[in-house]
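Geometric and topological summary
Single-letter residue listing:
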Amino acid sequence: MSPRNKIGDVLLAVDGVSISFGGVRALDKVSFDVRAHEILAIIGPNGAGKSSMLNCINGFYHPQEGSITFKGQRRRQMQTHEAALQGIARTFQNIALFKGMSTLDNIMTGRNLKMKRNFLWQALYFGPALREELEHRAVVENVIDFLEIESIRKTPVGRLPYGLQKRVELGRALAAEPDLLLLDEPMAGMNYEEKEDMVRFILDVNDEFGTTIVLIEHDMSVVMDISDRVVVLDYGRKIAEGTPDQVRVNQDVIDAYLGVGH
Amino acid sequence: MLYREAGQFKTSYAADQAMFPIIQDRAFIAMVLIIAYGVVPFWANEYWLQAVIIPFLIFALAAVGLNLLTGYAGQLSLGTGAFMAVGAYATYKITTIYPDINILVVFLMSGLIAAGVGMVFGVPSLRIKGFYLAVATLAAQFFIQWLFNKVGWFFNYNPSGTIIAPPRTVFGVMVAGPEATAQVRYFVALVFLTVGTVIAKNLVRGRVGRAWMAIRDRDIAAEIIGIQPLQTKLLAFGISSFYCGVAGALSVFLWLGSAETEAFDINVSFQVLFMIIIGGLGSILGSILGAAFITLVPIFLTNAPALLNIPFPTDLSKHIEEIIFGGLIILFLIAEPNGMARLWQIGKEKLRRWPFPY
Ligand SMILES: Nc1ncnc2c1ncn2[C@@H]1O[C@H](COP(=O)(O)OP(=O)(O)OP(=O)(O)O)[C@@H](O)[C@H]1O
Ligand SMILES: [Mg+2]
């Protein structure tokens, strides 16, 4: 378990965020803070609005109400490009890798924003452009070592088993060296060993690089193990927030999971 | 020589990033270049150069360009003919207004103009995809062809409506016009294809190529990484149209000698598209293989019956050609969407394992 004395200031503040799709109110005035270096879990039953929350944070969805403050800058809505530039990276619930590209190339795309040489230099693949490519390749190789995927470096990701694809997707997000990492069900569909590996990677990222992590997870034992704090959503509303131990005994949370009283 | 990777340990990322990391591949490429530069121009006769090899080189250049856009960036275009026409007409206008500018420079300037036009017609790609985008590029095809037909300024009010390549020399050597030898025209086209291929290969293995493929494979994930869809797509349209524009210019000035807009009609767009489908979407080598295939098959079909002494009406061989193309395209789309380039790859993998079956 990661040390508990690491937590810093508020990195991300979600304030009264609401979003509706037609009649469905996916998020209803949700507010919470994420502090630097912590691991925050968002839990809740299916359709509670967890993925929608992440989508708002990195600008893929634009909330109709509320604001999002990241690194002290308050915004009505995030924009995807802006979010990426500011240091937010993520993985998806349904893996969203670039199927036709190798593991290496997929992870290299995570460095795209940091590569500055324009296409004319790229056309020459020479001098500064080559140096830049090699510099970023070295960073990506570190990520590959870290995630222990050296052997699939050149394999097209479409041919990889599910568990490894999830790992490559994490690699792509890590390659961007984000300050805030959003993980949407990083362990879904994995077997026990794969889950253990993934938990280890998440904790190591948090420990070694101090990366702040917001993750959505259904496996309660995992959530209780790794998160510093938990936010619980149900039908788009935040029904509880606190340490894993506080949330575990919260009556509203128990009711929500048992499907009582709506 | 055995085709083996074994023993070739890559000691640095630089070596691993090389265009052809395996030594046998490098040897193969060197051989192709030696044949292309040192053997073909002296061995092939005027007819072969003019009727087969020069058009192959020019179409290969266009196919490389279209493959960047369609194969790598995933944007389907049926405007290839139009972008080639822009290059051809731009070259004609520039070189008739400023006859002193080196014609090779004019080819590149015309490529830039085609790139600009391509980017304008690429703007809808931000909103529409696949089939609908193809229809939008089709509009470019028809509009540009109509424009060049209708507005006399583009063909210098020539009563026949054609543009004619005037004689042009580079360092005293005649490269365009009726007096330019096939050998010289071959060399110029070959240099353009060689340089164009190297640049394309460089682009696709760097940041730009990865951005294109990311947009092609998962545009939403690409956007969230920070890849900007519009910029990335427009760059693909621009660079692709540059290639097509130059190819169009070369086809009038190094091959046809004179042309009307029909030389760049929708059939040309389809022809180049077929080249990259058969050759392999998302493969530079495939573009060239596909271009070779599509320019060579008709020649083969027209000559084969004569060689075998079978009387064969020409219109029948034309029909057979269409049937074979149609069949092959369907076959490739179903059985091997990665085209001839993939077959080549599989062949190499087999060779690497030989003599073991696995
Ligand atoms: N793009 C969209 N268009 C329409 N409805 C949407 C959209 N995104 C989310 N919703 C709806 O919003 C609600 C919340 O969905 P969301 O995906 O955020 O839930 P979740 O908590 O991630 O659920 P799960 O555990 O199943 O992943 C659902 O009712 C869903 O149908
Ligand atoms: Mg979800």
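Residues numbered from 1 in each chain as written. Chains lettered and ligands numbered in written order. Predicted model: local features only at pLDDT ≥ 70, side-chain atom pairs only at ≥ 80, totals over all residues. Heavy atoms only, no water.

**Structural notes on the packing of aromatic side chains**
Considering all chains together, one arrives at 18 aromatic pairs over all chains under this definition. Both rings, one in phenylalanine 107 of chain B and one in phenylalanine 192 of chain B, keep their centres 5.8 Å apart while their planes meet at 70°; by these two values the pair is edge-to-face. Here phenylalanine 107 of chain B is found in helix α5 (residues 103-122), whereas its partner phenylalanine 192 of chain B is found in helix α7 (residues 182-204), with 85 residues between them in sequence. A relative accessible area of 16% means that phenylalanine 192 of chain B is categorised as buried. One aromatic cluster in this structure is built from Tyr37, Phe42, Tyr186 and Phe187 of chain B. Positioned above the aromatic ring of phenylalanine 201 of chain A, the side-chain terminus of arginine 200 of chain A is 5.1 Å from the ring centre. When the ring centre of tryptophan 153 of chain B is taken as origin, the NZ or CZ atom of lysine 93 of chain B, which lies over that ring, is 3.9 Å away. (Phe/Tyr/Trp six-rings, centres within 6.5 Å; stacked < 30°, edge-to-face > 60°. Helix = DSSP H or I, 4+ residues; strand = E, 2+ residues; numbered from the N terminus. Buried < 20%, exposed > 50% of the residue type's maximum accessible area, 1.4 Å probe, protein only. Lys NZ or Arg CZ within 6 Å of the ring centre and 35° of its normal.)

**A short note on the coordination of the magnesium ion (ligand 2)**
Note on metal sites: the ideal angle is 109.5 degrees for four tetrahedral donors, and 90 or 180 degrees for six octahedral donors. Ser51 of chain A (OG) and Gln93 of chain A (OE1) make up the full set of protein donors to the magnesium ion (ligand 2), lying at 1.9 to 2.1 Å. Note that serine 51 of chain A is positioned in helix α1 (residues 50-57) and glutamine 93 of chain A in the loop between β6 (88-91) and α3 (103-109), a separation of 42 residues in sequence. (Donors = N, O, S within 2.8 Å, 3.2 Å for Na, K, Ca; no water.)

**Some points on the confidence of the model for chain B**
On average, residues of chain B score 89 in pLDDT, and 94% of them are at 70 or above. Both scores are available for the predicted complex, with the pTM at 0.92 and the ipTM at 0.92. (pLDDT = per-residue confidence, 0-100.)

**Re the pattern of salt bridges**
Residues and elements named next belong to chain A. Enumeration according to the criterion identifies 21 salt bridges over all chains in this entry. We note a salt bridge from aspartate 179 to lysine 71, for which the minimum N-O separation is 2.5 Å. Residue aspartate 179 is found in the loop between α6 (162-175) and β7 (180-184), and its partner lysine 71 is found in the loop between β4 (65-70) and β5 (73-75); the two are separated by 108 residues along the sequence. Aspartate 179 gets classed as partly exposed once you look at its relative accessible area, which sits at 34%. On the accessibility criterion, lysine 71 (40% relative accessible area) is partly exposed. Residues arginine 248 and aspartate 245 are paired through a salt bridge, measuring 2.6 Å at the closest nitrogen-oxygen approach. Pair noted here: arginine 248 and aspartate 245 are both in helix α9 (residues 244-248), with a separation of three residues, about one helical turn. (Salt bridge = Lys/Arg side-chain N within 4 Å of Asp/Glu carboxyl O.)

**Regarding the nonpolar core**
Formed by 103 residues in total, the largest nonpolar core has its most connected members in Leu61, Leu68, Met84, Tyr186, Trp212, Leu250 and Phe253 of chain B. Per-element tally for this core: the top contributor is helix α3 (residues 46-72) of chain B, with 17 residues. The contacts of leucine 68 of chain B, once residues within four sequence positions are left out, are Ala73, Ala200, Val204, Trp212, Ile239, Tyr243 and Ile284 of chain B. One finds Ile39, Ala89, Leu170 and Val253 of chain A within the second-largest nonpolar core, a separate group that totals 43 residues. (Core = buried A, V, L, I, M, F, W, Y, C linked by side-chain atoms within 4.5 Å. Contact = heavy atoms within 4.5 Å.)

**Focus on the interface of chain A and chain B**
The partner chain B presents 30 residues to the 37 residues of chain A that form the contact. In total, chain A and chain B occlude about 3000 Å² of area from one another, counting both sides; carbon and sulfur atoms represent 60% of this. If you sort the residues of chain A by the area they bury against chain B, Phe98, Asn112 and Tyr125 of chain A come out on top, with a joint share of 18%. At the junction of chain A with chain B, the criterion picks out one salt bridge. Taking the shortest distance from any N to any O, the salt bridge between arginine 210 of chain B and glutamate 133 of chain A comes out at 2.9 Å. (Buried area = accessible area lost by both parts, 1.4 Å probe.)

**Digging into the domain arrangement of chain A**
Residue and element names in this part refer to chain A. Considered domain by domain, chain A is made up of domain 1 (1-87 + 178-262) and domain 2 (96-175). Each partner contributes to the interface: domain 1 provides 21 residues, whereas domain 2 provides eleven residues. Summing both partners gives a buried area of about 1200 Å² for domain 1 against domain 2, and 73% of it is carried by carbon and sulfur. One can count two salt bridges joining domain 1 with domain 2. If you look at where domain 1 meets domain 2, you find four residue pairs in polar contact (both at pLDDT 80 or more). Every element with two or more residues in the side of domain 1 that touches domain 2 is listed here: α2 (80-86), β7 and α7 (192-209). Considering each element in turn, the side of domain 1 that touches domain 2 owes the most residues, nine residues, to α7. Residues belonging to the side of domain 1 that touches domain 2 are distributed by class as follows: twelve nonpolar, two polar and seven charged. (Domains from an automatic or database assignment. Polar contact = N/O pair within 3.5 Å; in protein donor to acceptor, adjacent residues only side chain to side chain. Nonpolar A, V, L, I, M, F, W, Y, C, P; charged D, E, K, R; others polar.)

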